[in-house]
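Examination of the molecular architecture
Okay, here's what each chain looks like letter by letter:
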Amino acid sequence: MDLFEYMRENNKEKESPLAARMRPRTLDEVVGQQHIIARDKLLYRAIMADKLSSIIFYGPPGTGKTTLAKVIAGTTKAEFTQINATVAGKKDMEEVVAKAKDILGMYGKKTILFIDEIHRFNKGQQDYLLPFVEDGTVVLIGATTENPYFEVNGALISRSVIFELKPLSSDDIKVLLKRAVTDSERGMGAYKAVLDEDAADLLSDIADGDARHALNAIELGIMTTQRSDDGLIHITREVAEECIQRKVARYDKDGDNHYDTISAFIKSMRGSDPDAAVYYLARMLNAGEDPKFIARRMMICASEDVGNADPQALQVAVAASLAVERLGLPEARITLAQAVTYIATAPKSNAAYLAVDDAINTVRQTGNLPIPAHLQDAHYKGAAKLGHGTGYKYAHDYKDHYVRQQYLPYELSGREFYSPTGNGYEKKISEHMKRLKERSEDEKDI
């Protein structure tokens, strides 16, 4: 490194955003993520022993994925190389691998390759890395905000340990904020700022687990606030509100949070909790989710989880879907809320859902069993000569519009697929079917 390069690196470190300057340098400085880096945890022991295998850090922005990679870089005796998948290409990886081979051959040292946003690599780029990860030429550390089981090559996944990073708690972020305000070496200590407790509470809450978001806000606040008469910069709640603005919804319509939220939405309706269901509806709408997608999921829930316990639920869901297409937002939010609360509070039955899946499995196992001759079509030419339709009993000619006869293939005689519950309207269905079966038994005895 020449003098000019040294000066550039030195100035870059001083002029970097606060969030970058305040990155922990050791494991002891890391705040949060104790479920993976507590002293008794595998990752802590592996880092301290410098015996790291390939790993992937997965979690939302601002939770410390890059931070942990930097800590490893400062701890390991291995060569550490970093690339970003948004700008790196195959040529960059070829250079890293070639250098790693040289270092391994000449010095017996491994190379740790940190790939930020590894989900941005396409399948071909990920495939290129596989043999070098497998033979130990490089130890891979990947960082991703997307679920690696969806976005990362399965072969790489099988050769890596996945560590999920959680959003930081409000208390964790408060620790980081106070550290940043008082640290004179890397933080804002030289500015003589004072962070009011209610301002710290606000920033840590609105940051929503994202340390970078909170640190950017406190840096902006300190840099733009005039000193008071006592010579200090006071970061009050009002200043904090101006700097951080409204909470940004953490929601990627193609990512993991999308699936988690829609899952919670469906399970809340299924669990008959209208408050939770309408809350998750609001979260999706606030994040810009397509209301037509929400309406489709509601129609599924109305059949799968309510079914014939309240047949009206499907009609409400379908009507809501049509209304969404014709109204659009913001008015459609009301229609969606009406349908959501109806479905959530309706009596529940998954009997129809279980019935069709059981029937499908039976068809797959038994194949297309012969349809009883009396149910077969008798109208086409030659059908009568084959006996098709012969002996069929027209139900409406009998008492209660019901007559006992074989409808299932004979091989499945007596098999039941639909078992109505005792909930809602299905109770009436169950009682009606019971009466018909009792009558059938009486007819059989005659």
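To start, this report covers the structure provided alongside it. (Residues numbered from 1 in each chain as written. Predicted model: local features only at pLDDT ≥ 70, side-chain atom pairs only at ≥ 80, totals over all residues. Heavy atoms only, no water.)

**Considerations on the packing of helix α11 (residues 197-206) against helix α13 (residues 237-244)**
Threshold: Helix axes are fitted to C-alpha atoms over the stretch in contact, other axes to C-alpha atoms as well, and angles between N-to-C directions run from 0 to 180 degrees. Secondary structure elements are taken from DSSP: a helix is a run of H or I of four residues or more, a strand is a run of E of two residues or more, and numbering for both begins at the N terminus. Here the word oblique covers every angle except those under 35 degrees (roughly parallel), over 145 (roughly antiparallel) and from 65 to 115 (roughly perpendicular). Note on convention: near helix rotated counterclockwise from far helix by under a right angle means a left-handed crossing. Clockwise means right-handed. Working rule for contacts: check all heavy atoms of both residues, and any pair within 4.5 Å makes them a contact.
At a minimum axis distance of 8 Å, the contact between α11 and α13 shows a crossing angle of 20°. As judged from the angle between their axes, α11 and α13 are roughly parallel. Crossing of α11 over α13 shows right-handed handedness. Each of Asp198, Ala199, Leu202, Leu203 and Ile206 in α11 lies in contact with α13, whose residues at this interface are Arg237, Ala240, Glu241 and Ile244.

**As for the pattern of salt bridges**
Cut-off, in case you're wondering: Note on definitions: salt bridges are taken to be side-chain nitrogens of Lys or Arg within 4 Å of carboxyl oxygens of Asp or Glu. Throughout this description, buried means an accessible area under 20% of the type-specific maximum (1.4 Å probe, protein chains only), exposed means over 50%, and partly exposed covers the range between.
One pass over the structure, following the stated rule, counts 17 salt bridges. Close ionic contact of glutamate 197 with lysine 178 constitutes a salt bridge, the shortest N to O distance being 3.4 Å. With glutamate 197 in helix α11 and lysine 178 in helix α10 (residues 170-182), this pair connects stretches of sequence that are 19 residues apart. Take glutamate 197: its relative accessible area is 43%, and that puts it in the partly exposed class. What makes lysine 178 partly exposed here is its relative accessible area of 37%. Within this structure, Arg25, Glu29, Glu185 and Arg186 form a network of salt bridges that share partners.

**Some words on the packing of helix α15 (residues 274-286) against helix α18 (residues 332-345)**
The test is simple: Side-chain classes follow a simple rule in which Ala, Val, Leu, Ile, Met, Phe, Trp, Tyr, Cys and Pro form the nonpolar group, Asp, Glu, Lys and Arg form the charged group, and the remainder, Gly included, forms the polar group.
Across the interface, α15 lies against α18 with an axial gap of 9 Å and an inter-helix angle of 150°. When the axis of α15 is compared with that of α18, the two are roughly antiparallel. α15 and α18 meet at a crossing whose hand is right-handed. Across from Pro274, Ala277, Val278, Leu281 and Leu285 in α15, the residues of α18 making contact are Arg333, Leu336, Ala337, Val340, Thr341, Ala344 and Thr345. A breakdown of the residues in the contact of α15 with α18 according to their chemical character gives 9 nonpolar, 2 polar and 1 charged.

**Observations regarding a nonpolar patch on the surface**
Short version of the rule: Patch criteria: residues need more than 30% relative accessible area and no salt bridge. Like-charged residues are merged within 9 Å; nonpolar side chains of Val, Leu, Ile, Met, Phe, Trp and Tyr are merged within 5 Å. Computed by Shrake-Rupley with a 1.4 Å probe, the accessible areas treat only the displayed protein chains as cover when residues are assessed.
On the surface, Ile371, Leu375, Tyr392, Tyr394 and Tyr407 cluster together into a nonpolar patch covering about 500 Å² of accessible area. Tracing the backbone through its elements, the reader meets tyrosine 407 in the loop between α19 (351-366) and α20 (424-445).

**Considerations on the nonpolar core**
Selection rule: In plain words, nonpolar cores are sets of buried Ala, Val, Leu, Ile, Met, Phe, Trp, Tyr and Cys residues tied together by side-chain atoms within 4.5 Å.
Leu177, Leu195, Leu203, Ile218, Ile222 and Ile235 are the most contacted members of the largest nonpolar core, which has 31 residues in total. Of all the secondary-structure elements, those providing two or more residues to this core are α2 (18-21), α10, β6 (193-195), α11, α12 (211-224), β7 (233-235) and α13. Of the residues forming this core, the biggest block, 6 residues, is contributed by α12. The next biggest cluster of nonpolar side chains, apart from the first, holds 26 residues, and it includes Phe265, Ile266, Ala302 and Ala320.

**Let's talk about the packing of aromatic side chains**
For any pair of aromatic rings, geometry is given as the distance between the ring centres together with the angle between the planes. The criterion, for reference: Any two of the Phe, Tyr and Trp rings considered here, Trp counted by its six-membered ring, make a pair once their centres fall within 6.5 Å; the pair's planes then place it as stacked at under 30 degrees, edge-to-face at over 60, or tilted in between.
A complete count under the given rule lists 5 aromatic pairs for this structure. Ring geometry for phenylalanine 57 versus phenylalanine 163: centroids 6.3 Å apart, planes at 45°, classification tilted. Of this pair, phenylalanine 57 sits in strand β1 (residues 55-58) while phenylalanine 163 sits in strand β5 (residues 161-164), and the two are 106 residues apart along the sequence. For the pair formed by phenylalanine 57 and phenylalanine 163, the shared burial category is buried. Ring geometry for tyrosine 279 against tyrosine 280: centres 5.0 Å apart, planes inclined by 70°, an arrangement best described as edge-to-face. Here tyrosine 279 falls in the partly exposed class, since its relative accessible area comes to 43%.

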